[in-house]
Amino acid sequence: MAGETSEQTFGQLVDIRQLLTPQGIKVAARRYISNPFSTEVSRNGEDFVGKQATLHDLEESIASNGIVVLEGGHSTGKTALLKIAVARLVEKGAATVSHYVSLESISMVEPIDFEREIVDGIVRRKRKINFARKKAVIALDEIESLGTHQRVDEFVAGISVLRNQGHQILIGIIGDIHAKGDIDGELNAHAKQQLISLVHDSVVVNPLFTDDETRQAVSGNPQMFTDKIINYLVKEAGGHPRLAKVLAAQLFQILEGIRKGFIQIPFHYVIDRLKDDMAEKHLSAFFPIVVDNVIAAGYNPLTWQYTGKPENRPDERVYRNMLPGESSTIFKEWLMAYLEKRSQSSS
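Residues numbered from 1 in each chain as written. Predicted model: local features only at pLDDT ≥ 70, side-chain atom pairs only at ≥ 80, totals over all residues. Heavy atoms only, no water.

Asker: Lay out the sheet that holds strand S3 (residues 97–102) with the relevant residues and their values.
Answerer: Judged by pairing direction, the sheet is parallel, and its five strands sit side by side in the order S3-S4-S5-S2-S6 without closing on themselves. Looking at strand neighbours, the two that pair on one side only are S3 and strand S6 (203–205), the edges of this open sheet. Pairs of neighbouring strands in the sheet enclose a mean axial angle of 20°, with direction left out of account. Relative to strand S5 (residues 168–174), strand S4 (residues 136–141) runs parallel, the two sharing four bridges. Note on S5: the bridge partner recorded for Leu 140 is Ile 171. (Pairing = 2+ DSSP bridges. Helix = DSSP H or I, 4+ residues; strand = E, 2+ residues; numbered from the N terminus. Axes fitted to C-alpha atoms, helices over the stretch in contact; angles between N-to-C directions.)

Structural data, given as structure tokens:
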């Protein structure tokens, strides 16, 4: 409304029709409903949204180098990107078979032949496939679970064999592969050096969502929220894929609970509920490990000042892309409280 201040908007009375679209109201009114904004990562990549530029970079890099590393943070869309990338490479004829592997699922019995484990996994999944005559594109995720130097060396030896056989390899990692020294929550320095020897400069950084990509993630299909609410969610998501999904899911749950009768409620009631629910149920459950990772890399997650050794400074872009941007007041308030609590516990 022209001339309306943010304070007036925040304090005004609204009814559900100003927050949900007609289609959104219909969905929320159903007696038995699963939330249309899933917060779980699909195993087949069906929840992929946005990041078209990153997907293009992955495809270009794998075409040129045959092996590529995707750097990013926890739950920022690496898994979905890897799954979609390998599927698209098969669709385009760059490979005849695709396979996604979480290394957490591979046996940890010492020693292990990673090349054999991966090939056997593809054969079991595809059945009756003559793998020796196929060109595969393989996505390897959760490699932080490798742990020991011996395990890393076995892994590198295995993917070297696969690459030499003409197969294409995509590897997802947390953090900056070129960072020197060990950083908590990431591959150790030995593992990073081993991977660098294979991939050289074939690295793609997984960025935050653009505003348009966030809008796509929080709108629903068909559109559930009104434009006013979508704009608010875009701002509060700060480009973070997981936060965008969780915000939309939590807000829909709140509105589903107050939909009856089209009663008028203060807009700030909805926002306060959302902030409280996010802090209690989601932010504190997920982001501490990510914030600790950023701090371990030497960055202050509020100011982005680097406090480590200059010669060890990792790529700031990688760590900024782990956390929501500055537009998210919900996250910033939680972050300040978490850092204060963290400081008190360490003193």
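Asker: Any chance you could break down the packing of helix H9 (residues 227–237) against helix H10 (residues 241–257) for me, citing the residues and the numbers?
Answerer: Axes are the key here: two packed helices are described by the angle between their axes and the distance separating the axes. Interhelical geometry of H9 versus H10 gives an angle of 140° and a closest axis separation of 9 Å. In this view, H9 runs oblique relative to H10, as classed from their interaxial angle. Crossing of H9 over H10 shows right-handed handedness. Every residue of H10 that contacts H9 at Ile 229, Leu 233, Glu 236 and Ala 237 is listed here: Leu 243, Ala 244, Leu 247, Ala 248 and Leu 251. Broken down by class, the residue content of the contact of H9 with H10 amounts to eight nonpolar, no polar and one charged. (Parallel < 35°, antiparallel > 145°, perpendicular 65-115°, else oblique. Left-handed = near helix turned anticlockwise from the far one by under 90°. Contact = heavy atoms within 4.5 Å. Nonpolar A, V, L, I, M, F, W, Y, C, P; charged D, E, K, R; others polar.)

Asker: Mind laying out the side chain of Glu 236, listing which residues take part and the relevant values?
Answerer: Along the chain, Glu 236 turns up in helix H9. What Glu 236 contacts, discounting residues up to four positions off in sequence, is Leu 243, Leu 247, Ser 327, Ser 328, Thr 329 and Ile 330.

Asker: How would you sum up helix H2 (residues 22–29)? Please name residues and give values.
Answerer: Within an α-helix, residues lying three or four positions from one another point in the same direction, as the helix has 3.6 residues per turn. Within H2 the residues assigned to the buried category are Gly 24, Ile 25, Val 27 and Ala 28. Projected down its long axis, H2 carries its buried residues within an arc of 165°, all on one side. Exposed and oriented more than 90 degrees from the buried face of H2 are Pro 22 and Lys 26. Elements in contact with the buried residues of H2: H10. (Buried < 20%, exposed > 50% of the residue type's maximum accessible area, 1.4 Å probe, protein only. Arc of directions from axis to C-beta.)

Asker: Describe the environment of Pro 310, with residues and values.
Answerer: With respect to the helices and strands, Pro 310 occurs in the loop between helix H11 (267–296) and helix H12 (316–320). Each C-alpha atom, one on Pro 310 and one on Gly 298, is 9.9 Å from the other, the two residues being 12 residues apart in sequence.

Asker: Just give me the short version of helix H13 (residues 329–346), but keep the residues and values in it.
Answerer: Spanning 18 residues, H13 covers 26 Å between terminal C-alpha atoms, matching the ideal 26 Å at 1.5 Å per step. In this structure Ser 328 caps H13, since a side-chain oxygen of it lies 3.2 Å from the backbone nitrogen of Phe 331. (Expected span 1.5 Å × (residues − 1). Polar contact = N/O pair within 3.5 Å; in protein donor to acceptor, adjacent residues only side chain to side chain.)

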